[in-house]
Amino acid sequence: MNAQNIQMLLENLKGIPQLEGQKDMITWILQMFDTVKRLREKSCLIVATTSGSESMKNDEITYDKEKAERKRKAEAARLHRQKIMAQMSALQKNFIETHKLMYDSTSEMSGKEDSIMEEESTPAVSDYSRIALGPKRGPSVTEKEVLTCILCQEEQEVKIENNAMVLSACVQKSTALTQHRGKPIELSGETLDPLFMDPDLAYGTYTGSCGHVMHAVCWQKYFEAVQLSSQQRIHAELFDLENGEYLCPLCKSLCNTVIPIIPLQPQRINSESAEALAQLLTLERWMQTLLARISGYNMKHAKGEHSIISVLFDQGLGDATFEFHSILSFGVQSPIKYSTSIKEMVVLFATTIYRIGLKVPPDEMDPRIPMMTWSTCAFTIQAIENLLGDEGKPLFGALQNRQHNGLKALMQFAIAQRGTCSQVLIQKHLIRLLSVVLPNLKSEDTPCLLSVDLFHVLVGAVLAFPSLYWDDNVDLQPSSISSSYNHLYLFHLVTMAHMLQILLTIDTGPPLAHVQEESEEARSASSFLAEVSQYTNGWCADPALLNCLKQKSTIVRYPRKRNSLIELPDDYSCLLNQASHFRCPRSADDERKHPVLCLFCGAILCSQNICCQEVVNGEEVGACIFHALHCGAGVCIFLKIRECRVVLVEGKARGCAYPAPYLDEYGETDPGLKRGNPLHLSRERYRKLHSVWRQHCIIEEIARSQETNQMSFGFNWQSL
């Protein structure tokens, strides 16, 4: 009930005759009711007025606070913008100072507005910082490099006079680039000459690194500690300590050596001197000077013996003594002096490459050590380029950090390794390499142009070329400007030779599209052909080359194909049907066999049976291990068809299981085919397996799997 209803009831009670005695009381209550009602109405009006004014005051206070906050934020944003602009200005000034040549050239060209707009298709300014070869190449900018050892956590600047710092690395033989899968591989390299690589790249030596840095002294202590702890273990080891294997202390990747980290030396070329030398040192003059130097060495070091060089053209260049020393007139400098610690690590790493690449005992004095150094540099670059090309990435523009650091350290090591060998030995190797691309220079064992991989020749020649500046009396090396011309002309010779390889081995196809005679391409091709024709006569007249062309089955055609794992059927039942028809070639009984599919070449093998065992170096191995030695240089990927399991193997006694690329409708594998659900090929999983192989990470996967799964020790991998 509300107040109005109570008041009405009281008014009604006042008019009832039976309540005449209470009439005065009811009248008093009504008066009091009116008094209280008026007081309440007056109080509500005051409260409403007060609250309204207070709310207005609160709104004003809130507005003032918000306005102050907005002002504060605006001021903070202004200061932040000023700070960013100051940083950008500092970076711009630093960039201009660092690239002053490019900035000055750009400023000079800024006034030519219309002409620049019309000639946008052709660069008006030569950006020297982007030229990597020749006298116009950009300066090699060297930055202070301070690295932290993962073992002792101490920092050290990388300098040639400091103690060595090293990268953990793994050297392994590889058949990832082979053009003839299944070609017989020599398991031992006692008599192998690794100076020239076959063009089919049957197998090479790959060097990879996980990118983790250690002091050389810390690594040696760590490796000794690993050896000591292994002597106290009862179970089998994860790695072969006798072959220098160990696990990276940080990422647990399998490694078997270390790469010394050598800083990049600054090189800057004077453009005026380069232009002046360009007028004198043409390609023809460079070749004459080179041959005169080689002829002088031949007379000095082969007195009374058969000459290394059987043919030299004579251009009437004057006094022979002057010509022998004329190569020095284009610029020389003192050789780089490395610390004793760096030299020791260089010798250690070079010996490891030689030992693993040729499968021979270590020998620091073997003349093939520098050959293997050049070979692993060339093959590693080719493997990385092949990987990036397969992924559609630019060369050296999408390298992972560990690939970049490992490749940089590998190339700097190869440059330093020459100084640890006899320069007479390096000269002999260089003369053999140059005899392939110099038509007028031949030695007894010069191979046919079509039987060598010219990229290996280029890498070896570039790394060995400074040995021509060495003499009995003084040890010199070419200056920056001399090296730039040496590298440029070596590149020209090898490029011309490779063009000839392509022309001689190309398949005869439909005629090429007509090219306008006045086009830039036609003029460039005509100019290049005129230069090439000066040298191709000597190459094409080689009887060995003509004989090689007759044997078309052995010729490698360019561009070389990119390898991949075999194509697998989408339905797994196709593989099961294929396995049901498999018969062991060495057994006639009906016992259950274990067919295994090689994912490298597609061969089906009889696994885990004594009928197909082979003997290798006095040890019996299973069919899969024997096949892996010849198909993948000891590393291979197999699919157990009747179990739907992928197996990775390396060597004779190491392997692991890997997820199969076949999944059921629920996205799960079926190891052992226990569930019996239909299985279909997962392209994503198969691409991942393909990537593991192309990145040479099979050994790494095996090591990590065995470390986490000790049950793998119970399987006899040698009998696979």
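As the structure is a prediction and not an experimental result, all values here were calculated from the model. (Residues numbered from 1 in each chain as written. Predicted model: local features only at pLDDT ≥ 70, side-chain atom pairs only at ≥ 80, totals over all residues. Heavy atoms only, no water.)

J.: Account for the nonpolar core, naming residues and giving values.
T.: Judged by nonpolar contacts, the single largest core of 152 residues is most densely connected at Trp-286, Leu-599 and Ile-637. Of all hydrophobic cores here, the second largest spans eleven residues; its members include Leu-177, Tyr-206, Ile-381 and Leu-399. (Core = buried A, V, L, I, M, F, W, Y, C linked by side-chain atoms within 4.5 Å. Buried < 20%, exposed > 50% of the residue type's maximum accessible area, 1.4 Å probe, protein only.)

J.: Give a detailed account of helix H11 (residues 401-417), specifying residues and quantitative values.
T.: Its 17 residues place the ends of H11 24 Å apart at the C-alpha level, agreeing with the 24 Å of an ideal helix rising 1.5 Å per residue. Regarding H11, the residues found buried are Gln-403, Gly-406, Leu-407, Ala-409, Leu-410, Gln-412, Phe-413, Ala-414, Ala-416 and Gln-417. Next to the buried residues of H11 lie strand E3 (165-174), strand E4 (204-215), strand E7 (257-260), helix H9 (340-358), helix H10 (369-390) and helix H13 (454-464). (Helix = DSSP H or I, 4+ residues; strand = E, 2+ residues; numbered from the N terminus. Expected span 1.5 Å × (residues − 1). Contact = heavy atoms within 4.5 Å.)

J.: Before we move on, can you summarise the sheet that holds strand E15 (residues 645-650) with the specific residues and values?
T.: Spatial strand order, E11-E10-E14-E15-E16: five strands in an open sheet with antiparallel pairing. The outermost strands of the open sheet, each flanked by one partner alone, are strand E11 (604-606) and strand E16 (654-658). When strand polarity is set aside, the average angle formed by the axes of neighbouring strands in this sheet is 30°. Here strand E10 (residues 595-598) pairs with strand E14 (residues 635-640) via three bridges, running antiparallel. (Pairing = 2+ DSSP bridges. Axes fitted to C-alpha atoms, helices over the stretch in contact; angles between N-to-C directions.)

J.: How would you explain the sheet that holds E3 if you had to name every residue and give the values?
T.: Strand order in this open sheet of three strands is E4-E3-E7, and the pairing throughout is antiparallel. At either end of the open sheet lies a strand with only one pairing partner, and these are E4 and E7. Looking at each pair of strands side by side, their axes are set apart by 40° on average, direction ignored. As paired strands, E3 and E7 are joined by four bridges and run antiparallel to one another. Within E7, the position partnered with Leu-167 by the bridge is Ile-259. Here H11 sits on the sheet and contacts E3, E4 and E7; the angle it forms with E7, its principal contact strand, is near 75°.

J.: Pulling in residues and values, what's your account of the side chain of Thr-446?
T.: Relative to the assigned elements, Thr-446 resides in the loop between helix H12 (423-437) and H13. Within the structure, Thr-446 has its side chain in polar contact with the side chain of Ser-435 (distance 3.1 Å). For Thr-446, the residues in contact, after removing those within four places along its chain, are Ser-435 and Val-436. (Polar contact = N/O pair within 3.5 Å; in protein donor to acceptor, adjacent residues only side chain to side chain.)

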